[in-house]
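# Examining the three-dimensional arrangement
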Amino acid sequence: SVIAERVLRRRSLHMHNKQLDWQESPEGQRMLEFRKKSSLIIKREHITELLFSQNQVVVVSGETGCGKTTQLPQYILESEIEAARGAACNIICTQPRRISAMAVAERVAAERGEKIGESVGYKVRLEGMKGRDTRLLFCTTGILLRRLLVDRNLKGITHVIVDEIHERGMNEDFLLIVLKDLLPRRPELRLILMSATLNAELFSSYFGGAPMIHIPGFTYPVRSHFLENILEMTGYRLTPYNQIDNYGQEKMWKMQKQTLRKRKTQIASAVEEALMAADFKEYSPRVRESLTCWNPDSIGFNLIEHVLCHICRKERPGAVLVFMTGWDDINSLKDQLRAHPLLGDPSRVLLLACHGSMASAEQKLIFDKPEDGVRKIVLATNMAETSITINDVVFVVDCGKAKETSYDALNNTPCLLPSWISKASARQRKGRAGRVQPGECYHLYPRCVHDAFADYQLPELLRTPLQSLCLQIKSLQLGSISEFLSKALQAPEPLSVQNAIEYLKMIGALDESENLTLLGRNLSMLPVEPKLGKMLIFGAIFNCLDPVMTIVAGLSVRDPFLMPFDKKDLAESAKAQFSARDFSDHLALVRAFEGWKDAEREQSGYEYCWRNFLSVQTLKAIDSLRKQFLYLLKDVGLVENIESCNGWSRDEHLIRAIICAGLFPGICSVVNKEKSISLKTMEDGAVLLHSSSVNGQETRIPFPWIVFNEKVKVNSVFLRDSTGVSDSVVLLFGGNVSRGGLDGHMKMLGGYLEFFMKPELAATYLSIKRELDELVQR
Ligand code: ADP
Ligand code: MG
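Because the structure is a prediction, the values reported are computed rather than measured.

## Let's talk about the overall build of the chain
Helix and strand counts for the chain come out as 33 helices and 23 strands. Evaluated residue by residue, the chain yields a buried proportion of 43% over its 778 residues.

## Looking at the packing of helix H20 (residues 466-475) against helix H22 (residues 494-506)
Put simply, H20 and H22 touch, their axes get as near as 9 Å, and they point 75° apart. Taken as axis vectors, H20 and H22 run roughly perpendicular relative to one another. Contact residues: H20 offers Leu-466, Gln-467, Cys-470 and Leu-471, while H22 offers Ser-496, Val-497, Ala-500, Ile-501, Tyr-503 and Leu-504. Among the residues making up the contact of H20 with H22, the classes are represented as eight nonpolar, two polar and no charged.

## Focus on the sheet that holds strand S17 (residues 667-672)
In space, the seven strands of this open sheet follow the order S21-S22-S19-S18-S17-S20-S23, with mixed pairing throughout. Strands with a single pairing partner mark the edges of an open sheet, and in this sheet they are strand S21 (711-713) and strand S23 (723-725). Sheet twist, expressed as the average angle between the axes of neighbouring strands with direction ignored, equals 40°. Both strand S18 (residues 677-681) and strand S19 (residues 685-689) contribute to a ladder of three bridges, which runs antiparallel. Within the sheet, the bridge partner assigned to Leu-679 lies in S19 and is Val-687. Contacting strand S20 (705-707) and S23, helix H30 (residues 652-663) runs over the sheet at an angle of about 100° to S23.

## Considerations on the confidence of the model for the chain
Close reading of the predicted structure is inappropriate where its pLDDT is low. Averaged over all residues, the pLDDT of the chain equals 84, while 88% of them reach at least 70. A low-confidence stretch, residues 241-253 (pLDDT under 50), is modelled with 32 contacts involving residues beyond four sequence positions or located in other chains. Within the model, pLDDT remains below 50 along residues 406-415, and this stretch shows 34 contacts once partners closer than five positions in the same chain are excluded.

## Examining the pairing of strand S5 (residues 136-140)
Along S5, five of the five residues are buried, which leaves the element largely enclosed by surrounding structure. Every second residue of S5 is oriented toward a common face, with Leu-136, Phe-138 and Thr-140 on one face and Leu-137 and Cys-139 on the other, all of them buried. Summarising the sheet, strand S3 (residues 120-124) and S5 pair through four bridges and their orientation is parallel. The partner of Gly-121 across the bridge, within S5, is Leu-137.

## Let's talk about the environment of Thr-48
In this fold, Thr-48 is placed in helix H3 (residues 44-52). Here the alpha-carbon distance between Thr-48 and Asn-522, two residues 474 residues apart in the chain, equals 45 Å. Every residue in contact with Thr-48, bar those within four places of it in the chain, is listed here: Tyr-75 and Ser-79.

## Here's the deal with the sheet that holds S5
Ordered in space as S4-S3-S5-S2-S6-S7-S1-S8, the eight strands form an open sheet in which the pairing is mixed. With one partner strand each, in any of the chains shown, strand S4 (127-129) and strand S8 (212-215) form the two edges of the open sheet. The average undirected angle you get between the axes of adjacent strands in this sheet is 15°. Relative to strand S7 (residues 190-195), strand S6 (residues 159-162) runs parallel, the two sharing four bridges. Within S7, the position partnered with His-159 by the bridge is Arg-190.

## Here we look at the nonpolar core
Counting 197 residues, the largest nonpolar core has Val-322, Leu-536, Val-552 and Cys-660 as its most contacted members. The contacts of Cys-660, once residues within four sequence positions are left out, are Val-707, Val-725, Val-729, Val-730, Phe-733 and Gly-734.

## Focus on the site of ligand 1
Inspection of the region around ligand 1 gives 15 residues, with Lys-68, Thr-69, Thr-70, Arg-107 and Phe-367 positioned closest. Of all the elements in the fold, those that place two or more residues in the shell around ligand 1 are helix H4 (68-82) and helix H5 (98-111). With four residues, H4 is the single largest residue contributor to the shell around ligand 1. Taken together, the residues that form the shell around ligand 1 break down as three nonpolar, ten polar and two charged.

## Structural notes on H30
With twelve residues, H30 ought to run about 16 Å at 1.5 Å a step, and its terminal C-alpha atoms sit 16 Å apart, in line with that. The buried fraction of H30 amounts to nine of the twelve residues, a majority that puts the element mostly inside the structure. In the core, the buried residues of H30 are packed alongside helix H24 (530-541), helix H25 (545-556), helix H27 (585-601), S20, S23 and helix H31 (727-733).

## What to know about the environment of Glu-172
Tracing the backbone shows Glu-172 in helix H7 (residues 170-182). Residue classification places Glu-172 among the buried positions, given that 26 C-beta atoms sit within 10 Å. Beyond its immediate chain neighbours, meaning those up to four positions away, Glu-172 contacts Pro-96, Thr-141, Val-162, Ile-165 and Glu-167.

## A word on unusual backbone geometry
In this chain, Phe-664 is followed by Pro-665 through a cis amide linkage whose omega measures 5°. The residue Pro-665 is located in the loop between H30 and S17 in this model. One non-glycine residue with positive phi stands out, namely Arg-168, at about 55°. By the secondary structure assignment, Arg-168 is in the loop between S6 and H7. Judged by the 23 C-beta atoms lying within 10 Å of it, Arg-168 is buried. Here the phi dihedral of Gln-477 falls at roughly 55°; this positive angle occurs in a residue that is not glycine. Its location among the elements puts Gln-477 in the loop between H20 and helix H21 (481-486). Residue Gln-477 is classed as exposed on the basis of its C-beta count, with 11 C-beta atoms lying within 10 Å.

Cut-offs and rules
- Residues numbered from 1 in each chain as written.
- Chains lettered and ligands numbered in written order.
- Predicted model: local features only at pLDDT ≥ 70, side-chain atom pairs only at ≥ 80, totals over all residues.
- Helix = DSSP H or I, 4+ residues; strand = E, 2+ residues; numbered from the N terminus.
- Buried ≥ 20, exposed ≤ 12 C-beta atoms within 10 Å, placed from the backbone.
- Axes fitted to C-alpha atoms, helices over the stretch in contact; angles between N-to-C directions.
- Parallel < 35°, antiparallel > 145°, perpendicular 65-115°, else oblique.
- Contact = placed C-beta atoms within 7 Å.
- Nonpolar A, V, L, I, M, F, W, Y, C, P; charged D, E, K, R; others polar.
- Pairing = 2+ DSSP bridges.
- pLDDT = per-residue confidence, 0-100.
- Core = buried A, V, L, I, M, F, W, Y, C linked by C-beta atoms within 7 Å.
- Near = placed C-beta within 6 Å.
- Expected span 1.5 Å × (residues − 1).

Right, dumping it as structure tokens:
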């Protein structure tokens, strides 16, 4: 071991000398100059001192762009090298997104005059650049979690840096629980937590009062323009309803607004309420009229284009950063802007997108200053909020929405729906415009909507459906669910955790001792609620994925059927046409969707939607989700060939059974009376059908059961959507017979199924059901 030590020392010395040589070179000098400008440098001594002392955990917070991500891990590496331990240290720095892990590693290697894979490397899912001499590794949080699966003590790692913890992503919160457990077992391990905002106390106290370091920052003032000011300033008019873009939607929105106002129910979200309550009197009639056309459901590409034109024509020089919700939107917007005479002219505008598979050449363009007279416009996701800092940004365009990060630790599949950002995010986005000089921020939503945003976003751990979260804990093999969750920074309610576990056992995703079943494993890999995941899996097994994917996509986006208050009757009868008297909202959805696809093929999609009171936006969202499902299912191994989708069955009875398999125990019994129908669920007793349901107007429903996805309580309990199912379908497809056998199953159904109590029939059903459950588990 004396020899080994000597080798280590020699290698460390070599690393040191190599760095000194590089710093002498002109490029090295330039990099050193750049690095010296980071405001972190003033705390450098302090930081390394803290790390060398007895403190196992240190919390570092500071303004975005101050150099936490690129400088701090390097400081640690450098001090280790200077202390002749360079070859013995092993630093891991986690990033919430793969893009930043790769981009940062590349940057840090460049600052050290090295190629990536030498002393600095990265590892993300399915990709990595890491060599024998790599001492500083940037990876996604998911990668470190996976490593913890096989290497519980992180053998050989000397420092773990968890970056961007202020985002409170689920993986990061997860990781903190695991690391907190690990620290006593590894007293020499050092943990550094890095955060952009000022909630450092929370993390410090979680780790028993760990020391905090705050790096002061500075930003120039940035002026905010909200939608009403933008309309006033630029003279733009939002697209009046029934034209172009989201034809139909705008008018519908206006009508929905009236509906909501009249009914005064709690359907509206905080944002919608704010909009309804807003008093637009202070604005000119033109702006007022235009605001009523604003559609909170869609991002107005035309509006963005207009604002960008305004900046290019009227404003001082400076780069523009546009915050979009996701990669799809960025691509479509980029296409639209390319066709524009000014914005698409490369001699005047440099149009860039900031994304995952970005090549390093393109990445460089994002940070570089463009030629004189050319304006740089960067289209980015909320990644540019805190992970990536572009210094020369003077103008920010903020669409106000973001796709929330995913909960799927191993697959890192994106979450599907964009939602409103928080005030903290809006402030952060705005601040991006003031790095080098005073800036301007264009918020593409009215001020009243901004005022209705939540102050901070809820931590992902608390907004992720618990059922999915529990599956995740199990698939990461983190032990008892409730014990694990009780140790979180902010733990969910114990009772809801219990309910979630109970539910997962009932649907057969967990066994009695809380182990993941095969079904559970598959469900944990699909980024939808378990009940919807179960439908997809059944759809794949029974070869009728095509209609099932439409139903699942519809249930995870929202109902495409619009119900304007003043045209309620018309809308309801339009929807009823799709039902063909088969007593199912879910089958009606499939018909409406397929009708739209046919109409699209004949270029009459918009007319079709207008005529049938359907939302084009929602149908488009459903369509794109369906495609994502297919890739996911292929990835999991449930679909062999994506091209072979045409041969799928659309047997109505089968689809009904699969709906039941997913939605159970969302079930209610049906008794047809003389003049009315009596409906009962186990938990609520008597319930009613929502009038928007195709079953809402029926006087007789020829099914003993109805399954549903959602119920709402207004005065009575209403079932929003429903599909009629038969006794045998409930017996065979509902729940999981391994829990309490057929008797238990029937008890759960409230003893309505007297017929099946006949012993010989019961035995037959039981054995078929067993086989079916086993088949699904396989
Ligand atoms: P923080 O993590 O504190 O938000 P960073 O370490 O990401 O800060 O960034 C520090 C500085 O380095 C910023 O001014 C940023 O613009 C710059 N920077 C980061 N990556 C690159 C890059 N790839 N090319 C040029 N400059 C970069
Ligand atoms: Mg950072």
